[in-house]
Every structure is written in structure tokens, then in C-alpha cells.
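# Coordinate analysis (summary)
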Amino acid sequence: MKLMSNLYDYRDYDKNLNLKVSFGLWLVILYLLRPYILMISTIRMGPGAGTVKGVDGLKQIIYPDDFSLTLGILATLPALLFVIAWTRRTPTAGGFVRNVWRNGVLMLSIAVLLNIVIIFVPILTGVISRIHMLGWLQIILSLIVLAYLLFSQRVKDTFADFPAEEKKSTGT
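Each chain has its residues counted from 1, running along the sequence as written. With pLDDT at 70 or above as the cut-off, local features in this predicted model cover only qualifying residues; side-chain atom pairs require 80 or more to be listed or tallied, and sums for whole chains, interfaces and linings still use all residues. To get the side-chain values, take all heavy atoms of the structure and skip hydrogens and water.

All right, on to the nonpolar core then. Throughout, nonpolar core names a set of buried Ala, Val, Leu, Ile, Met, Phe, Trp, Tyr and Cys residues whose side chains join them through atoms within 4.5 Å. Three exposure classes are used, based on accessible area relative to the maximum for each residue type with a 1.4 Å probe and protein chains only: buried under 20%, partly exposed in between, and exposed over 50%. In this structure, Leu25, Leu32, Phe82, Trp101, Leu108, Leu149 and Phe159 are the most contacted members of the largest nonpolar core, which totals 33 residues. Those elements that place two or more of their residues in this core are helix H1 (23–32), helix H2 (34–41), helix H4 (66–75), helix H5 (77–87), helix H6 (95–102), helix H7 (104–124), helix H8 (133–151) and helix H9 (153–160). Any two residues whose heavy atoms approach within 4.5 Å at even a single point are treated as in contact. Dropping the residues within four chain positions of it, leucine 32 is found in contact with Thr76, Ala79, Leu108, Ala111, Val112 and Asn115. Working definition: helices are DSSP H or I runs of at least four residues, strands are E runs of at least two. Numbering for both runs from the N terminus.

See below:
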């Protein structure tokens, strides 16, 4: 039987006695998933449908071209893997899910670093000549997110915690 740590409140544990994903880590995931959120919120429904001008304008500031948005979506794949692993975080989870979970800090850190690099892609491709203020804000937020991922004991403990594999009965 697995015992809970005294570092966290009993409400911080799930039914398998593993640390739940903290509010701060969910904010990190939402931050990383912003390309998907922007993409979905700018979808126009049907022929002749109007645009969502405010959201479309924000998308143009954050991702000045479709190539940058595509890179942003690809760079966020580790965050999607995290969500998939989180939904499958059970004693019956396979090796792939356990490996994704165990390497969560590394994968999310790589996603954050890729998101920083993507901010500079439009300059390198000549689409824009300077980084917009929102780009600098993204860099600062990304560095804060990266520090949180690397230095938060709660994040480390969450990714170190996974339900023990169920022992298969011999059927005798």
C-alpha cells in the first residue's frame, strides 16, 4: 500500500493516492496550449461567416503568419501528450503513458523553449522586422513558466508520482 507524504494536504491526492495536478501546472498547460485556443477561436463557421476580428487580430500579433502558428502548434505537442498521459494515469496504464508522465518536466520544458524560439521565427523569415511588445511578454512569461517547471518541488513530486501497476492475478 502506498502512503501519502506529509508535505501535502490529503485533498492534494487522487483516489490512487497520487498527487493531483496542481492549479499552477494546469495554468502552464493552458499557457502552452494557446496556439490551439487561438486556432479554434478564429475558426469561421460556414460560407460567408464573419470573422472574430478581436481574436483574429490577437492571432496576427502573436503569430504573424500561418507558418509561425503551425510551428506553435507543433511545439505544443508535449503539452497534448501530458493531457493524454494525465487522462490515462491509472494503475493499468501502459509503459508509454508511464514514460511520458515520468518525463513530464523535460517535455514541458522543451515545449516552453520551443515557444520562445518560435517568437523569433517571423524575424528570421522576414515577415516582421521587430518583436511586438506581446512577443516580449510571451518571452517573459515563458521564462517564468520554465522556472516554475524546473524549480517547483510540487511539479517534480507530481511527475514522480504514478499509480503502481496492478498485479495480475494468476487465476488459481
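Looking now at the side chain of asparagine 18. For asparagine 18, the location among the structural elements is in the segment before H1. The term polar contact refers here to a pair of N or O atoms within 3.5 Å; inside protein, the definition further demands a hydrogen-donor-capable atom paired with an acceptor-capable atom, and it admits residues adjacent in sequence only when both atoms are side-chain atoms. Here asparagine 16 takes part through its backbone oxygen, which lies 3.2 Å from a polar atom of the side chain of asparagine 18.

To continue, consider the environment of alanine 147. Within the fold, alanine 147 resides in helix H8. Note on alanine 147: relative accessible area 34%, which makes it partly exposed. Counting along the chain gives 38 residues from alanine 147 to serine 109, while the straight-line C-alpha distance between them is 9.1 Å.

Pairing of aromatic rings covers Phe, Tyr and the six-membered ring of Trp, with a centre-to-centre limit of 6.5 Å; geometry is then stacked below 30 degrees between planes, edge-to-face above 60, and tilted otherwise. One pass over the structure, following the stated rule, counts 6 aromatic pairs. Measuring from centroid to centroid gives 5.8 Å for phenylalanine 82 and phenylalanine 159, while their planes differ by 70°, and the two rings are edge-to-face. Of this pair, phenylalanine 82 sits in helix H5 while phenylalanine 159 sits in helix H9; the two residues are 77 residues apart in sequence, bridging distant segments of the chain. In this pair, the class of phenylalanine 82 matches that of phenylalanine 159, namely buried. Between tryptophan 101 and phenylalanine 159 the ring centres are 5.0 Å apart and the planes differ by 50°, which places this aromatic pair in the tilted class. Here tryptophan 101 is found in helix H6, whereas its partner phenylalanine 159 is found in helix H9, with 58 residues between them in sequence. An aromatic cluster of three or more residues is present, and its members are Trp26, Phe82, Trp86, Trp101, Phe159 and Phe162. We note arginine 34 situated over the ring of tyrosine 31; from NZ or CZ to the ring centre the distance is 4.1 Å. Each ring is checked for a lysine NZ or an arginine CZ that lies within 6 Å of its centre and within 35 degrees of its normal; such an atom marks a charge sitting over the ring. The ring of tyrosine 8 carries the charged tip of arginine 154 above its face, separated from the ring centre by 5.2 Å.

As far as function goes, none of this settles anything; it's purely spatial.
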